[in-house]
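Listed below are the residues making up each chain.
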Amino acid sequence: APDHLDDTYPGSQRRLDYIWRSDMVTVVGAEVYDSADEGYPGGLPKYGNPLPPGTSVLASDHLMVFADVLIPSVPVPGDLNDDGMVDLADYAILRNCLMGPQVPVASSCTSSDLDQDADVDLRDAGQLFTLFASP
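Residues numbered from 1 in each chain as written. Predicted model: local features only at pLDDT ≥ 70, side-chain atom pairs only at ≥ 80, totals over all residues. Heavy atoms only, no water.

Engineer: Whenever I open this one, unusual backbone geometry confuses me. Can you help?
Structural biologist: Leaving glycine aside, a negative phi is the common case for residues, and trans is the common case for peptide bonds. Positioned with a positive phi, Q102 is a non-glycine residue whose angle comes to about 70°. Among the residues examined, Q102 registers a relative accessible area of 73% and is labelled exposed. The backbone of A118 shows a phi angle near 75°, a positive value even though the residue is not glycine. Position of A118 among the secondary structure elements: in the loop between α2 (88-97) and α3 (122-133). (Buried < 20%, exposed > 50% of the residue type's maximum accessible area, 1.4 Å probe, protein only. Helix = DSSP H or I, 4+ residues; strand = E, 2+ residues; numbered from the N terminus.)

Engineer: In this structure, what is going on with a nonpolar patch on the surface? I would like to understand it.
Structural biologist: The grouping of V27, V69 and I71 at the surface amounts to a nonpolar patch, some 250 Å² of accessible area in total. Tracing the sequence through the fold places V69 in strand β2 (residues 64-70). Judged by its relative accessible area of 38%, V69 is partly exposed. (Patch = residues over 30% accessible without salt bridge, like charges linked within 9 Å, V, L, I, M, F, W, Y side chains within 5 Å. Areas by Shrake-Rupley, 256 points an atom, 1.4 Å probe, with all protein chains shown as cover. Salt bridge = Lys/Arg side-chain N within 4 Å of Asp/Glu carboxyl O.)

Engineer: Explain the state of the cysteines to me, please; I cannot follow it from the model alone.
Structural biologist: In protein structure, a disulfide is the covalent linkage between the sulfur atoms of two cysteines. Inspection of the entire model under this criterion finds 1 disulfide. Residue pairing for C97: its cysteine sulfur links by disulfide to C109, the two sulfurs lying 2.0 Å apart. One disulfide, between C97 and C109, carries an S-S torsion of -75° and so falls in the left-handed class. One end of the pair, C97, is in helix α2; the other, C109, is in the loop between α2 and α3, and 12 residues separate them in sequence. Exposure remark for C97: the relative accessible area of 8% places this residue in the buried category. The exposure class assigned to C109 is buried, which follows from its relative accessible area of 8%. (Disulfide = S-S within 2.5 Å.)

Engineer: Help me out: how do you make sense of the nonpolar core in this one?
Structural biologist: What tends to happen in soluble globular proteins is that the nonpolar side chains get buried as a cluster. Among the nonpolar cores identified, the biggest contains 9 residues, and these are L80, V86, L94, C97, C109, L114, V120, A125 and L128. Among the secondary structure elements, those contributing two or more residues to this core are α2 and α3. Excluding residues within four positions of it along the chain, V120 makes contact with L94, C97, L98, M99, G100, V103, V105, C109, S112 and D113. (Core = buried A, V, L, I, M, F, W, Y, C linked by side-chain atoms within 4.5 Å. Contact = heavy atoms within 4.5 Å.)

Engineer: How do you make sense of the environment of M24 when you look at a structure like this?
Structural biologist: Within the element layout of this structure, M24 appears in the segment before β1 (26-33). By relative accessible area, which is 59% here, M24 ends up exposed. Sequence spacing of M24 and I71 is 47 residues, and the spatial spacing of their C-alpha atoms is 7.1 Å. Those residues in contact with M24 that sit more than four places away from it in its chain are L70 and P72.

And the structure:
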């Protein structure tokens, strides 16, 4: 295997590019991509036909850095069934939990308590409808 698998400026043993990440993302794998290294073990899975060996060096003055990352889903307020949108399916969940003010929320209905006041009532329904109408 070539001895330059980590340098991004071919032959210099220098790394010009880095991947910056936050604690919100998990880096599953990363590699410096050099088409001349195709066929050697390791690296991230690739799809399609391999590039000709000299392609990476001709494309830029330094090699690309690729990464596979896991990005956690961001909860959507009012999305009670976790399908990424607020719609009638969420209303159906809230409707089944709607008990009125001052009635303690059942453990299976805590996600329907949108205003987090320990009950599921018309205030929660109103909040859901507001979210339903939002883009």
